[in-house]
Amino acid sequence: MSHDEHDACACDEYNDLTSRRSFLQTSGGLGGAALFAWAYPEWLPKVSFADSFAGERDVIVSIFLRGGADGLSLCVPFGDPLYYTGRPTIAIPRPDSSSANRAIALDNFFGFPQGMRFLVPAYQAGHLLVVHGAGLTYNTRSHFDAQHFIELGKANDNSVNTGWLGRHLATTSPMKNAASLRAITIADGLAETLKGAPRALPIADPANYGISGSGSTRAERQAWLGLEWGESIDPAKTAASDALNTINMLRNLNVAGYQPANGAVYPNTGLGRGLRNSAALIKADIGVEAVHLDIGGWDTHTQQDPLAGSMNGTMTQLSGALGAFWQDCIASGLTQNVTVVVVSEFGRNVRENGSRGTDHGRGTAMFAMGRGINGGRVLTNNWRSLSQENLADRQDLPVSIDHRDILAEIVQNRLGNANLGVVFPGYVPVIRGVTKPNA
């Protein structure tokens, strides 16, 4: 996806990070047997499995906005005049402006920019929650550290080496006992968020997943791999069996021929294709419980332009793909409930810099979407004006809601897992009413 591309607007650390991720994915994610080492959980906690009825649990779709997304552009505090004072060239005009780029009011204080317009129907249906001032409470402006800590679910603790969603899956029984694939990263490498999950694979294109090489000998080579790995010991034996079973299962699904429901049209972008494939897997009812996707391009140090330029394009990709997924899998009345969560490693400075961009900040906006989400509102905690004395380090939107509060409530109430002490070690979340008990 787009996070692998060199970004002229981004800092050196972000481009180095995406280059390293791309190298690791292309060198270690060539399909089939090369993935086995990433596929098996490295850690299995000694806790009781969640005993909720599997049919009552939501499927979760996790999306990471890589680069540090500017929450003040994703959801604009047009009710605060200081927002306009700090951003003389990149602010989104008020909803009552005559500008074609004016904000779309969500309430009497916050609004979506035009780039996020495809999410307005989900918001109006009460299925989309915006959480503002959310983020990592640990103070770092490093892309690598912030992404790493958010994906693990705990900051600055070397004893934690699995992802929060991986630990959730490791402490719940499968929705379908025979499923060979419980979790998938739509990419060539497994996201840290899913690290530690049983029966998890990175698959960039589920429609074309399999053993690479000549098609004329593929069946023989796959049979040979099955025999070779069948003689090995666990965990490699089980992981190999799951991967080969997944290859056979996906071959019979016709993912490429998937037809979205309810008039949904996915944009032809990396995230659009990824969410379309995710919908195909979820609706096929094969036991997939978690999907992770990335979208990059959010490190906007120069020429940010959320009105008609770089960030407007990235927001349009995000909202177009998410809006189509909502129409296809949430508004369509699909029997299986799906919850979507969207996070980024940090936000940006409140004030724009001399290059018409914004530098690394702290609090940002995150999103939760689904029929089981108490949406149709912007959730804040002690929101204060953007005056300098109210800002973190006198320059950033403070983190007033720990992102784990949102994720933990979803894990507990929508994914049916009460083992929050394992999923988010050492953290006691504040339940903020982001979920509905039944949907």
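The rules behind these values
- Residues numbered from 1 in each chain as written.
- Predicted model: local features only at pLDDT ≥ 70, side-chain atom pairs only at ≥ 80, totals over all residues.
- Heavy atoms only, no water.
- Helix = DSSP H or I, 4+ residues; strand = E, 2+ residues; numbered from the N terminus.
- Buried < 20%, exposed > 50% of the residue type's maximum accessible area, 1.4 Å probe, protein only.
- Contact = heavy atoms within 4.5 Å.
- Areas by Shrake-Rupley, 256 points an atom, 1.4 Å probe, with all protein chains shown as cover.
- Polar contact = N/O pair within 3.5 Å; in protein donor to acceptor, adjacent residues only side chain to side chain.
- Phe/Tyr/Trp six-rings, centres within 6.5 Å; stacked < 30°, edge-to-face > 60°.
- Lys NZ or Arg CZ within 6 Å of the ring centre and 35° of its normal.
- Salt bridge = Lys/Arg side-chain N within 4 Å of Asp/Glu carboxyl O.
- Pairing = 2+ DSSP bridges.

Asks: Can you walk me through the overall build of the protein chain in this structure?
Replies: Helices and strands together make up the secondary structure of the protein chain, namely 13 helices and eleven strands. Taken over 439 residues, the protein chain has a buried fraction of 58%. Here the contacts in the protein chain between residues at least 6 apart in sequence split such that 73% fall between residues at least 24 apart. By element, 50% of the accessible surface of the protein chain is carried by carbon and sulfur atoms, the whole surface being about 16900 Å².

Asks: When you look at the environment of L318 in this model, what are you seeing that I'm missing?
Replies: Relative to the elements of secondary structure, L318 occurs in helix 11 (residues 310-330). In sequence terms L318 and L119 are 199 residues apart; their C-alpha atoms lie 9.2 Å from each other. Setting aside chain neighbours within four positions, we find L318 in contact with L65, L74, M116, L271, I295 and W298.

Asks: Honestly, the side chain of H292 in this entry has me stumped. Any pointers?
Replies: Along the polypeptide, H292 turns up in strand 7 (residues 290-295). What makes H292 buried here is its relative accessible area of 0%. At a separation of 2.8 Å, a polar atom in the side chain of H292 contacts the side chain of D294. With sequence-adjacent residues up to four places away left out, H292 is seen in contact with S62, F64, R66, E151, I184, T185, I186, A191, T193 and L194.

Asks: Help me understand the packing of aromatic side chains, please; the structure alone is not making it clear to me.
Replies: By the definition in use, this model includes seven aromatic pairs. Taken together, a centroid distance of 4.9 Å and an interplanar angle of 75° make the contact between F109 and F110 edge-to-face. One aromatic cluster is present, formed by F109, F110 and W383 through successive ring pairs. Sitting over the face of the ring of F64, R66 holds its NZ or CZ atom 4.4 Å from the ring centroid. When the ring centre of Y427 is taken as origin, the NZ or CZ atom of R404, which lies over that ring, is 3.9 Å away.

Asks: Is there a simple way to explain the pattern of salt bridges in this structure?
Replies: Pairs may arise between side chains of opposite charge once their charged atoms sit close together. Per the counting criterion, the structure on display carries 15 salt bridges. The salt bridge partner of R87 is D70, with a shortest N-O separation of 2.6 Å. With a gap of 17 residues between them, R87 in the loop between helix 4 (81-86) and strand 2 (104-105) and D70 in the loop between strand 1 (59-65) and helix 3 (71-74) connect regions that are remote in the sequence. Judged on exposure class, the residue R87 and its partner D70 are both buried. For the salt bridge of D96 with R94, the shortest nitrogen-to-oxygen distance reads 3.1 Å. Classification of R94 by relative accessible area gives partly exposed; the value is 34%. Each of R57, R182 and E289 takes part in a single network of salt bridges with overlapping partners.

Asks: Got a minute to help me understand the pairing of strand 8 (residues 338-344) in this structure?
Replies: Each regular strand displays side chains that alternate between the two surfaces of the sheet. The buried fraction of strand 8 amounts to seven of the seven residues, a majority that puts the element mostly inside the structure. Neither face of strand 8 is left uncovered, since the one carrying V338, V340, V342 and S344 and the one carrying T339, V341 and V343 both have all their residues buried. Summarising the sheet, strand 8 and strand 9 (residues 364-369) pair through three bridges and their orientation is antiparallel. What sits directly across from V340, in strand 9, is M369.

Asks: Can you help me understand the pairing of strand 1 in this one?
Replies: Counting buried positions along strand 1 gives seven out of seven residues, so the element sits mostly inside the fold. With burial as the criterion, each face of strand 1 is covered, one bearing V59, V61, I63 and L65 and the other bearing I60, S62 and F64. Note that strand 1 and strand 8 share seven bridges and pair parallel. Bridging across to strand 8, L65 finds its partner in S344. Note: strand 1 against strand 7, six bridges, orientation parallel.

Asks: It is not clear to me how unusual backbone geometry should be interpreted in this structure. Could you clarify?
Replies: What is expected of a backbone is that most residues other than glycine have negative phi and most peptide bonds are trans. With phi around 45°, Q303 is a residue other than glycine that occupies positive phi space. Turning to its location among the elements, Q303 is positioned in the loop between strand 7 and helix 11. Positive phi outside glycine occurs at N382, with the angle close to 55°. Counting through the fold element by element, N382 comes out in the loop between strand 10 (377-379) and strand 11 (401-402). Given the relative accessible area of 62%, N382 is considered exposed.

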